[in-house]
Amino acid sequence: MAQLKDDCVAFGGRLLPLDDAEQRIAERFACVAKESSVDLTQAVGRILARDFAAVQALPPYDNSAVDGYALRHADLAVEGETRLPLAGIEAAGRATGTPLAPGKAVRIFTGALIPDGADTVVMQEDCQIEDDRVVIPQGVWLGANLRIKGEDIAEGSIALPAGRRLMPPDLALLGAQGQVAVGVRTPLRVALFSTGDEVTPPGQPLTPGRLYDANRYMLTGLLRRFGCSLTDGGILPDDPTHIASTLRAAAKSHDLVITSGGVSMGDEDHVRNAIEASGSLEFWRVAMRPGRPVALGEIGGTPLLGLPGNPVAALVTFVTIGRRVVEALSGAAPVLLRRYQAEADFEKLYVSQHPKLGAGMISSLTEGEVLLDLPEDMTRVSPGDMLSVLPLATLYG
C-alpha cells in the first residue's frame, strides 16, 4: 500500500512488505486445530478437515432433465415429423426396469431413470399427442435433455478439498453423497484484549481524555465470522508487568492471542516489549497504511498478534494479516482476496474517496464499501487512474 503525503505515522527504518509478511505466516504457522465430526446441520462455516472423495457418482444414474418423452434417436425420421407409439411411463423414484423397445417412446418425468435403450429425451412442450402416439418434431439432436451418470461429480474424485470453509452449497453436495456428518476442524481458541489507560468499556461514564472501546467489538465480530471460539479478556491498563503476565497466562490456554493497541513506538506501547520479553517477535512494522505498527510473535509457543489501536488500522491489519494467521492455525486454505479494477473519478464517484480520512475514522468503515490497494510507489491518485479495489464485504469472512 502506498505512502501518500500527509503521512502522520511515517518514520524511518525498513518496513516489511505485505507479501513477505504473508509468506512468513505461511512458513511459520501450521494448523493446531483438532478434528471432530459434526452433523451436516451444524457444519456451515466449519473447516473441512480432510479431502472428501465422492463415494458415488452424481448423478448416480442417467436421468431425464425435463418432463417429456424418452426414445431412441435412431427411430427419428431424417426429415419431417416422427410418430412413435407410447410404451409406458417412467417417474422419478419409480423405475419400471422395462427396456425401451425399438420404434417406441415412453412418457418420462424430470429425474426419472432413463430406460435401457433410450438415448434422447424430447421436451413435452415440443411434442403433440395423437391417440396413443407421440408426434416428434424434426431437428432433435442425439442425447438431448439427458443427465448422464457422473457428469456432475465422478465417483472417487475429490469433491471438496481439505481446508475448505463449508458453505451451504457444500452441505448440499455432502447430503447428495449420503453423508449425515462430516469431519471438521475444531474452532480456534482465541483470547482477545484491548489495551490502554484511555480505553473505557461502553456503559461506563466517559471521563475527559478517554474513549470507549470499539476495537474489541469489531474484532469479536470478525473472529466469530471466521469460526473462532473467543475469550474476551477485556481491557489491559498500560502496566507493562500486568500486560506481560496476562498475555503469558492467556497463551497457556489458547491457540492465538490478539491485542489491539500498544504496538507503536510510544513510551506507553507495551505489547511489543511484552512479546520480546516473554517470547519472540516474528515481525513488526509492515509496509502498509493504515496499519503499519502491527506485531506478530509468540509467547510460550502460542502466536500473539498485536494490532494497532486505531479502528481502521485494526480492521485493515486483521483482514490482511490477522486472517492469514487464523487461516493457518485453523487449517483453512488461504482465501485469495478478490481485487477488482475501478476507475478513479472523484467527480463522477466511480470510486470516491471517503471525506473523513485517518486510521481512527470509524465512519469510513461503516459508510465505505471498498479498500483501495495502492502500490508502494504511488504517491498521487488522479481521476482516470485504474485502481485495485477490494470490496470490504468480501474481507469479513
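### Quick word on the overall build of the protein chain
Part 1: Of regular secondary structure, the protein chain possesses 7 helices and 23 strands.
Part 2: A total of 397 residues make up the protein chain; the buried ones form 45% of that total.
Part 3: For the protein chain, the share of sequence-separated contacts (at least 6 apart) that also reach a separation of at least 24 residues comes to 70%.

### Things to note about helix 2 (residues 168-176)
Part 1: Here helix 2 has its buried residues at Asp170, Leu171, Leu173 and Leu174. Buried residues of helix 2, seen end-on, are gathered within an arc of 155 degrees and therefore sit on one face of the element. Helix 2 presents Pro168, Pro169 and Ala172 as exposed residues on the side facing more than 90 degrees away from its buried surface.
Part 2: Close packing links the buried residues of helix 2 with strand 2 (52-53), strand 11 (158-160) and strand 12 (181-185).
Part 3: The positive-phi residue at the C-terminal boundary of helix 2 is Gly178, with phi of around 85 degrees.

### As for the sheet that holds strand 17 (residues 256-260)
Part 1: With respect to topology, 6 strands assemble into an open sheet ordered 16-13-17-20-19-18, the strand pairing being mixed. At either margin of the open sheet sits one strand with a lone partner, and together these are strand 16 (229-236) and strand 18 (279-284). Within this sheet the neighbouring strands show an average axis-to-axis angle of 20 degrees, counted without direction.
Part 2: Pairing of strand 18 with strand 19 (residues 295-299), which is carried by 5 bridges, proceeds in the antiparallel orientation. The residue bridging Ser280 from the neighbouring strand is Glu298, located in strand 19.

### Points about empty space enclosed by the protein
Part 1: Applying the stated criterion to the full structure yields 2 cavities of 30 Å³ or more.
Part 2: Among the residues forming the lining of the largest cavity, the class breakdown is 4 nonpolar, 4 polar and 3 charged.

### Looking at the packing of helix 1 (residues 18-28) against helix 6 (residues 311-330)
Part 1: Axis separation between helix 1 and helix 6 bottoms out at 10 Å; the angle between their running directions is 15 degrees. Classed by the angle they form, the pair helix 1 and helix 6 counts as roughly parallel. In this structure, helix 1 crosses over helix 6, and the sense of that crossing is right-handed. Of helix 6, the residues touching helix 1 (which contributes Leu18, Glu22 and Ile25) are Thr320, Ile321, Arg324, Val325 and Ala328.
Part 2: Looking at the contact of helix 1 with helix 6, its residues break down into 5 nonpolar, 1 polar and 2 charged.

### Focus: the nonpolar core
Part 1: Membership of the largest hydrophobic core comes to 38 residues, with the highest contact counts inside it found for Leu223, Ile258, Phe318 and Ile321.
Part 2: For this core, the leading source of residues is helix 6, giving 11 residues.
Part 3: Not counting chain neighbours up to four residues away, the residues in contact with Ile321 comprise Leu18, Ile25, Phe283, Val286, Met288, Val294 and Leu305.
Part 4: One finds Ile243, Ala244, Ala250 and Ala295 within the second-largest nonpolar core, a separate group that totals 17 residues.

### So, the confidence of the model for the protein chain
Part 1: Counting all residues, the mean pLDDT for the protein chain is 87, and 86% of those residues have values of 70 or more.
Part 2: Within the model, the stretch residues 1-12 combines pLDDT values under 50 with 33 contacts to residues more than four positions away or in other chains.

### Quick look at helix 4 (residues 240-252)
Since the α-helix turns once every 3.6 residues, residues separated by three or four places project in the same direction.
Part 1: If you check helix 4, its first and last C-alpha atoms are 19 Å apart, about what 13 residues at 1.5 Å a residue would give, namely 18 Å.
Part 2: Taken together, the buried positions of helix 4 are occupied by Ile243, Ala244, Thr246, Leu247, Ala250 and Ala251.
Part 3: On its buried side, helix 4 packs onto strand 13 (189-195), strand 16, strand 17, helix 5 (271-278), strand 19 and strand 20 (302-307).

### As for the packing of aromatic side chains
Part 1: Within this structure, the stated rule accounts for 1 aromatic pair.
Part 2: Both rings, one in Phe226 and one in Phe318, keep their centres 5.9 Å apart while their planes meet at 65 degrees; by these two values the pair is edge-to-face. Linking Phe226 in the loop between helix 3 (215-225) and strand 16 with Phe318 in helix 6, this pair joins segments that are 92 residues apart in sequence.
Part 3: You can call Phe226 buried: its relative accessible area is 4%.

### Points about the sheet that holds strand 5 (residues 82-90)
Part 1: Strand order in the open sheet formed by 6 strands is 7-4-6-5-9-8, with mixed pairing between adjacent strands. Across the chains shown, the open sheet's two edge strands, defined by having one partner strand only, are strand 7 (120-123) and strand 8 (128-130). Within the sheet, the average angular offset between the axes of one strand and its neighbour, ignoring direction, is 40 degrees.
Part 2: Direction of pairing for strand 4 (residues 68-71) relative to strand 6 (residues 105-108): antiparallel, over a ladder of 4 bridges. Within the sheet, the bridge partner assigned to Leu71 lies in strand 6 and is Ala105.

### Describing the pairing of strand 5
Where a strand is regular, its side chains alternate between the two sheet faces.
Part 1: Note: strand 5 against strand 9 (residues 133-136), 4 bridges, orientation antiparallel. Bridge pairing links Arg83 to Val135 in strand 9.
Part 2: As paired elements, strand 5 and strand 6 share 3 bridges and run parallel to each other. Residue pairing for strand 6: Leu86 is matched across the bridge by Ala105.

### Things to note about unusual backbone geometry
Among all residues except glycine, the phi angle is most often negative; among peptide bonds, the trans geometry is most common.
Part 1: In this model, Leu58 is joined to Pro59 through a cis peptide bond whose omega is -10 degrees.
Part 2: Structurally, Pro59 is set in the loop between strand 2 and strand 3 (63-64).
Part 3: Residue Pro290 follows Arg289 across a cis peptide bond; omega there is -5 degrees.
Part 4: Among the structural elements, Pro290 can be located in the loop between strand 18 and strand 19.
Part 5: Even without being glycine, Asn145 reaches a positive phi, approximately 60 degrees.

What counts and how
Residues numbered from 1 in each chain as written. Predicted model: local features only at pLDDT ≥ 70, side-chain atom pairs only at ≥ 80, totals over all residues. Heavy atoms only, no water. Helix = DSSP H or I, 4+ residues; strand = E, 2+ residues; numbered from the N terminus. Buried < 20%, exposed > 50% of the residue type's maximum accessible area, 1.4 Å probe, protein only. Contact = heavy atoms within 4.5 Å. Arc of directions from axis to C-beta. Pairing = 2+ DSSP bridges. Axes fitted to C-alpha atoms, helices over the stretch in contact; angles between N-to-C directions. 1 Å grid on protein atoms, 1.4 Å probe; cavity = no way out; pocket = protein on both sides within 12 Å on 5 of 7 lines; lining within 4 Å. Points joined across faces, edges and corners; volume = space filled by probe spheres on them. Nonpolar A, V, L, I, M, F, W, Y, C, P; charged D, E, K, R; others polar. Parallel < 35°, antiparallel > 145°, perpendicular 65-115°, else oblique. Left-handed = near helix turned anticlockwise from the far one by under 90°. Core = buried A, V, L, I, M, F, W, Y, C linked by side-chain atoms within 4.5 Å. pLDDT = per-residue confidence, 0-100. Expected span 1.5 Å × (residues − 1). Phe/Tyr/Trp six-rings, centres within 6.5 Å; stacked < 30°, edge-to-face > 60°.

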